[in-house]
Amino acid sequence: MCEVNMTVGLSFARHIGALMAPSKKGATLLVKLLSTAGTGFFYVKRKNPRTLPQKLQFVKYDPKVRRHVLFSETKLK
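**Student:** Explain the overall build of the chain here, please?
**Tutor:** On a plain count of helices and strands, the chain comes out with one helix and four strands. Start at the N end of the chain and walk to the C end: the helices and strands fall as α-β-β-β-β. Classification of the 77 residues of the chain by burial places 13% in the buried group. The long-range fraction of contacts in the chain, counting pairs at least 24 apart against all pairs at least 6 apart in sequence, stands at 35%. Element-wise, carbon and sulfur atoms account for 60% of the exposed surface of the chain, whose accessible area totals about 6800 Å².

Pasting the structure below:
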């Protein structure tokens with residue numbers, strides 16, 4: 001049987017990775033959708049500001065008040 005030296009394979013993969021150009025930074029940002037019911041409950045959603053410049057607003061379920069309420073976009077810190 002043939003034995004493969006794994007350390008040579010890993011160092012080769014690192015070498016190839018170093019030669020490849022870095023990928024572009026994605027256009028999407030993470031934003032927080034905060035409940036307008038004042039409970040502090042929030043969802044996290046991805047947003048592309050190039051295609052969707054306005055603030056996001058969704059009607060989603062808030063488990064703290066056990067109702068569907070409006071969630072509006074705030075900054076994710």
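**Student:** When you look at the pairing of strand β1 (residues 29–35) in this model, what are you seeing that I'm missing?
**Tutor:** Strand residues, when the strand is regular, have side chains that alternate between the two faces of the sheet. When β1 meets strand β2 (residues 42–47), the two strands line up antiparallel, connected through six bridges. Pairing of L33 across the sheet is with Y43, part of β2. Counting the residues between successive antiparallel strands, the hairpin from β1 to β2 contains six residues, one of them, G38, with a positive phi of roughly 85°.

**Student:** Help me out: how do you make sense of the sheet that holds β2 in this one?
**Tutor:** As a general point, the strands of a sheet are linked pairwise by backbone hydrogen bonds and lie either parallel or antiparallel. Strand order across the open sheet formed by four strands is β2-β1-β4-β3, with antiparallel pairing between neighbours. Two strands bound the open sheet, and with one partner strand each, they are β2 and β3 (57–62). With direction set aside, neighbouring strand axes in the sheet form an average angle of 40°. In this structure, β1 lies alongside strand β4 (residues 67–75), joined through five bridges in antiparallel fashion. Along β4, the bridge assignment pairs K32 with T74.

**Student:** Just to check I follow, could you spell out the pattern of salt bridges for this structure?
**Tutor:** The full count for this structure, using the stated rule, is one salt bridge. In this structure, E73 and K47 form a salt bridge, with 3.1 Å as the shortest nitrogen-oxygen distance. Highlighted residues: E73 in strand β4 and K47 in strand β2, separated in sequence by 26 residues. On the basis of relative accessibility, which here comes to 9%, the residue K47 falls in the buried class.

**Student:** Got a minute to help me understand the pairing of β4 in this structure?
**Tutor:** Strand direction decides the pairing type here: β3 and β4, joined by six bridges, are antiparallel. When the bridges of β4 are listed, D62 appears paired with R67. As consecutive antiparallel partners, β3 and β4 are separated by four residues, and within that stretch R66 has a phi angle of approximately 55°, a positive value.

The rules behind these values
- Residues numbered from 1 in each chain as written.
- Predicted model: local features only at pLDDT ≥ 70, side-chain atom pairs only at ≥ 80, totals over all residues.
- Heavy atoms only, no water.
- Helix = DSSP H or I, 4+ residues; strand = E, 2+ residues; numbered from the N terminus.
- Buried < 20%, exposed > 50% of the residue type's maximum accessible area, 1.4 Å probe, protein only.
- Contact = heavy atoms within 4.5 Å.
- Areas by Shrake-Rupley, 256 points an atom, 1.4 Å probe, with all protein chains shown as cover.
- Pairing = 2+ DSSP bridges.
- Axes fitted to C-alpha atoms, helices over the stretch in contact; angles between N-to-C directions.
- Salt bridge = Lys/Arg side-chain N within 4 Å of Asp/Glu carboxyl O.

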